[in-house]
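# Reading the structure
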There are 4 protein chains.
Amino acid sequence: MSGVQGDLINLHDMEGAARERLPPMIFGYYASGSHDEITLRENRAAYERIALRPRVLANVSERDLSTTLLGASLPAPILIAPMAFQRLAHPDGELATARAAARAGWGMILSTLSTTPVEEVSAATNAPLWFQLYVFKDREMTRALVERAERAGCSALVLTVDTPVLGRRERDVRNHFHLPADVSIAHTMPGGMQKLPEVDDDSGLAAHAHSMLDAAVTWRDIDWLRSFTTLPVLLKGILRADDARLAVENGVAGIIVSNHGGRQLDTAVASIRALPEIAQAVAGEVEILVDGGIRRGTDIVKALALGARAVLLGRPVLWGLALNGEEGVTLVMEMLRDELDLAMALCGCRSIGELGADLIASGG
Amino acid sequence: MSGVQGDLINLHDMEGAARERLPPMIFGYYASGSHDEITLRENRAAYERIALRPRVLANVSERDLSTTLLGASLPAPILIAPMAFQRLAHPDGELATARAAARAGWGMILSTLSTTPVEEVSAATNAPLWFQLYVFKDREMTRALVERAERAGCSALVLTVDTPVLGRRERDVRNHFHLPADVSIAHTMPGGMQKLPEVDDDSGLAAHAHSMLDAAVTWRDIDWLRSFTTLPVLLKGILRADDARLAVENGVAGIIVSNHGGRQLDTAVASIRALPEIAQAVAGEVEILVDGGIRRGTDIVKALALGARAVLLGRPVLWGLALNGEEGVTLVMEMLRDELDLAMALCGCRSIGELGADLIASGG
Amino acid sequence: MSGVQGDLINLHDMEGAARERLPPMIFGYYASGSHDEITLRENRAAYERIALRPRVLANVSERDLSTTLLGASLPAPILIAPMAFQRLAHPDGELATARAAARAGWGMILSTLSTTPVEEVSAATNAPLWFQLYVFKDREMTRALVERAERAGCSALVLTVDTPVLGRRERDVRNHFHLPADVSIAHTMPGGMQKLPEVDDDSGLAAHAHSMLDAAVTWRDIDWLRSFTTLPVLLKGILRADDARLAVENGVAGIIVSNHGGRQLDTAVASIRALPEIAQAVAGEVEILVDGGIRRGTDIVKALALGARAVLLGRPVLWGLALNGEEGVTLVMEMLRDELDLAMALCGCRSIGELGADLIASGG
Amino acid sequence: MSGVQGDLINLHDMEGAARERLPPMIFGYYASGSHDEITLRENRAAYERIALRPRVLANVSERDLSTTLLGASLPAPILIAPMAFQRLAHPDGELATARAAARAGWGMILSTLSTTPVEEVSAATNAPLWFQLYVFKDREMTRALVERAERAGCSALVLTVDTPVLGRRERDVRNHFHLPADVSIAHTMPGGMQKLPEVDDDSGLAAHAHSMLDAAVTWRDIDWLRSFTTLPVLLKGILRADDARLAVENGVAGIIVSNHGGRQLDTAVASIRALPEIAQAVAGEVEILVDGGIRRGTDIVKALALGARAVLLGRPVLWGLALNGEEGVTLVMEMLRDELDLAMALCGCRSIGELGADLIASGG
């Protein structure tokens, strides 16, 4: 990629190049949203509609992008989102992502549906590594997985709460999405499953999820989860102020405002639109993150101005991974970090703490 | 169709396949709206603009989609809308639709302009069957038709009130829409008419409607209608709170918020936009239904969250019918039911009663 | 056209057919607006965005479209707008238009820039005929023209007030718009001019207007005009409530809310958007008309619901004229009248007086 | 160009012709905005969305477009914006622009990044000439440049405050934007630089700016600047009311509401949207100008109605320059002046002072 790197100058370019590189079934799995992909598009469009009010003459010769999350230091308010099956994008899969994270100290959230064991991923990075969790119907297996992640050195659990059942991603249904022969699920799954079933008229992931996920999960399961782990628990997939309050009252350490990248409930509100009411309700009691549609440094400015402490970057990391493994992931993260740095300078902000609501123009 | 069913995974697909299957005159009759089709498009677009605020961690392992309408049980809050001339879509016509309704218990509303006698349709289903009615200039014939429907076992009357005259559907005018030789109107029409006239420069239906429909109908005719039938009467085509109040005060059993699928007054307000003011005015005194533009399970969530008790599904039923008769209708209804089931799970709702206004994002 | 009439079923069709029939210079002159044509498009789009709230069960078996304007009866609230150079569209020009007006009793406003003398036009119709006026730099000639129109039997004067100078219609500039050899201005123009000058780099009309129109005209000229004519005076081109009040205070008989069909100030507010504030300010003291963008019967419903007493129809009359002379004008007027009749029926309105503000949905 | 001038009748035409004339690297440098060019598009779109409320019968036979800026007379409220590297557009570069300015008395702002020495430019015009300034890391060089501009006869300084670092203009990055052999920077730059570096994977201007610009500049530097110059100082790049107040309190003579033509912070608010809050905050204490997206005379009407005293015209001047040097610049300025004259006449305004907020329709 070094030969073509000069032509890949933003995250849109990375997506375009990855689309050419990846098989349609895999690109489609990564890129698609559910149903009509209205939320997928709105996640992005909502950022583009927000106008910024930059400050001038603020001495921005030095910008400090660093922040902390759950007490850990990060070089910038950007985490690598949990994404399944990274070996579909590149043979090194999650290991390449972890190595890129380690190189710069990027925080990373490993998906339950990793194609690399958590122990190997954890060994590859000393930056913050969190573990993303689904609650399985088999609670003992869930518990075992949590304990394994904790033993492996993960420093927080991210419980995905927007997936009691899997959203219908029609591109996957049409492509009969499944795992190729050389890619397996690394962690113990219900029934010892390591592959997605190949089904004639559906996505293999959908069939897998249906058999695996416990749709009965409730707020009481937060207590259950905290009963056998000391790790801080964040909930990913909150889109309402009342649920955010429930999360705080149930002792979570953080909230990730998310609609699962538009892959679960279609026409769910864009995550950046949901953020303000949640930030107001949480009132600083726990840390708030947001994902969905972030492609530019100014998007991060907007997310932080509206109450997030950091953002999660998802699909673009996969495009980097697909194009050049660890180097590609590094390139993507650096592109976005550099854009944030530039956006902060142009907004007259020297540090993350200066990104406030006054930067947002009213009347979008 | 079983061979291609894997490619038909949503109602949009069904429409696309039906467009290829049906003669343009027939597809155009079913698909078109009046004049510039602004209301037709707005019916759909209005749903797409409404954003949802899903709840999490609500134990949605079991979802109960069942509801009641006028005291009768329904497997889901979806009725088959009254649609004319179903034998244009498939040789089995209304019988196929009724058999699909019977199989799952779907409620069905039979059009006055049926191409199958109400007695045969009624014999084919033991699910709720309602009869849609126009008031003819010939009141005795109107009365006879009502009594016939009642004798045949229909359990409610749906009086269409938005059609004192027929809206101008320009596609039908251009296509000189008429009934082919092998399709006839089953019920006695004024003058014994069983065909639409073939006219050079107009839609045959328009000519027929002009001779048949009584534009003089008023609220007093609700009394007249109720004087010779004990069936509950619903009004279909209400778009204003004041008319909804008049309906309640005139003793109707229900209101169907509808603009006739964009086929009557063009630029009439989208039905989902009209629903909230009507729900507020009716305040639960009678049951409210809504139709127009519903293509996704989330649309039903939105309709119920905004005050409807159930929705009517129209054109997509015809696409299913056209593609595969009874099986096609079943497929369409199951697609939508399954999408509603999924949407409820992803919204954190276990039962129809939990679909409340808090699910709707403001400023959508 | 009788052979193709079946394919011409609305005003859009008429425009399409006229575009094929007319030379580009002439079609462009009629169809274009000034500069970027933003107001031209907004005039139309503003109507399409307004949603209607139809009433039901109102006994609309008889609809009465008739109304009065300045005390004269009209078969429907539609006048033929003043339009220049009608012999560009058809050899019979304004005579054909007048004959069509006479046949049905349509009111007609004759342009100062007529290609037929007002006496001949007046002789061709006994329906209301008004005379549109510009104030020339040569006031005596202006006065003479008014007296001539009055003698010829015109029953009102329509003073165009939005044209102190001519708007820049770039299509005319590019086409070097001018009058062909066989078309002349019928009324005495300053300097005896009967042709538009042919200029290399501009519209001939623009050059003509520059030499002819008095940009110095003020409210005091209304007094001057009324000093030598007993005809009622209407002002055409008002877009603000304060100007409407000035008009009332200066003794006008009526106000025509208009932006000159988007041909004068580009980005001027759409006339239907300007109407409500004007109707409120005028409070019924004088009659209000509106033009610009009317293509459907529902547009007239909206204009009247928002405070207009009637509308002016412009370009579509020219398309009818171009396609079939008197018959074409008749066809166009009847199309629109029939659409209004249908729209009233579907709105539950039996007479013009029932078209009220409650028909308009809020939040457009 | 005289041969084709008849086809170039507005500023859009000029851009189209320049696009064909100029090498892509140069056209791209002039035309592009930063990142996704959202602000670039919004600058224009925001003007198109504002609707005007013209007045009538106001005696507009004479329009006076003249105004004053900082006490100097101008023939119209239009200045030539500071634009770098004008010899890229035409061999005569800034000299041609200055000669066009001189001919009509247009005010002109010379860019620090001029390709012609300020002394030569100043000698070419006796109309107001202002000097645009960046604060360099090398403060002595900055001071020397200011003193040189002052000696050369510039009558005001325009300090650009929205460029502590350079916005990322991706077209320039892709084109490896650099100065051709025959074009040099005329003023002493840090390190004696007269060329932009040619860099493999970036814009040469970006590299240059990075080494040159002082991102540490603060409000205190206004004091520093005023300590060695008696010239009035304007700040260019203000987009917020609070920064505008700070500017006033720091003794500036004027404020230029600007987002640098969409070339700095992408998604920054459109300048015309930012203007009202700034005009309100400044309350007439200093003069306000605005730039960005002005292409029509009505845009100037809107800018002045919303509180600006004059506007800056940028890119269109370059298109004129590229097409025909001094004559082309003259043509562009005259086009816009003539459109403003026409717009004022059609708005019923005889002088610049009559352009008030009542001309703007609400709810745009």
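The structure we're discussing is the one just above.
A few points on the structure. (Residues numbered from 1 in each chain as written. Chains lettered and ligands numbered in written order. Predicted model: local features only at pLDDT ≥ 70, side-chain atom pairs only at ≥ 80, totals over all residues. Heavy atoms only, no water.)

Take the interface of chain C and chain D next. Counting residues at the interface gives 34 residues for chain C, matched by 35 residues for chain D. Between chain C and chain D, a total of about 2,700 Å² is buried, with carbon and sulfur atoms accounting for 58% of that surface. At the boundary of chain C and chain D, one finds five salt bridges. Across the pair R296(D) and E170(C) runs a salt bridge whose closest N-O atoms are separated by 2.8 Å. Our enumeration of links across chain C and chain D arrives at 17 residue pairs in polar contact (both at pLDDT 80 or more). Among the secondary structure elements, those contributing two or more residues to the side of chain C that touches chain D are α7 (170–175), β7 (233–238), α10 (241–249) and α11 (271–282) of chain C. Classifying every residue of the side of chain C that touches chain D by side-chain character gives 18 nonpolar, six polar and 10 charged. (Contact = heavy atoms within 4.5 Å. Buried area = accessible area lost by both parts, 1.4 Å probe. Salt bridge = Lys/Arg side-chain N within 4 Å of Asp/Glu carboxyl O. Polar contact = N/O pair within 3.5 Å; in protein donor to acceptor, adjacent residues only side chain to side chain. Helix = DSSP H or I, 4+ residues; strand = E, 2+ residues; numbered from the N terminus. Nonpolar A, V, L, I, M, F, W, Y, C, P; charged D, E, K, R; others polar.)

This part is about the side chain of D243(A). Along the chain, D243(A) turns up in helix α10 (residues 241–249). For the buried residue D243(A), which engages in no salt bridge, the nearest side chain bearing the opposite charge is R240(A), 4.4 Å off. Separated by 2.9 Å, the side chain of D243(A) and the backbone nitrogen of V56(B) make a polar contact. If near-sequence neighbours (up to four positions away) are discounted, D243(A) is found in contact with W219(A), I238(A), P54(B), R55(B) and V56(B). (Buried < 20%, exposed > 50% of the residue type's maximum accessible area, 1.4 Å probe, protein only. Lys, Arg positive; Asp, Glu negative; His and termini not counted.)

This part is about the sheet that holds strand β6 (residues 156–160) of chain C. Residue and element names in this part refer to chain C. With parallel pairing, eight strands are arranged side by side around a closed barrel as β3-β4-β5-β6-β7-β8-β9-β10. When strand polarity is set aside, the average angle formed by the axes of neighbouring strands in this sheet is 30 degrees. Summarising the sheet, strand β5 (residues 129–133) and β6 pair through four bridges and their orientation is parallel. Residue pairing across strands places Q132 opposite V158, the latter belonging to β6. Contacting β3 (78–80), β9 (287–291) and β10 (310–313), helix α12 (residues 297–305) runs over the sheet at an angle of about 135 degrees to β10. (Pairing = 2+ DSSP bridges. Axes fitted to C-alpha atoms, helices over the stretch in contact; angles between N-to-C directions.)

On to the side chain of Q132(A). Looking at the element boundaries, Q132(A) is found in strand β5 (residues 129–133). Apart from the residues lying within four places of it in its own chain, the contact partners of Q132(A) are P82(A), I109(A), L110(A), S111(A), T112(A), V158(A) and T160(A).

The next subject is the relation of the copies chain C and chain D. For these two chains of identical sequence, chain C goes onto chain D by a turn of 90 degrees and a shift of 0.0 Å along the axis, with RMSD 0.0 Å. The transformation just described matches what one would write down for a four-fold rotation axis. Among all residues of chain C, the minimum C-alpha distance to the rotation axis is found for G363(C), at 8.1 Å. (Least-squares fit on C-alpha atoms with pLDDT ≥ 70 in both.)

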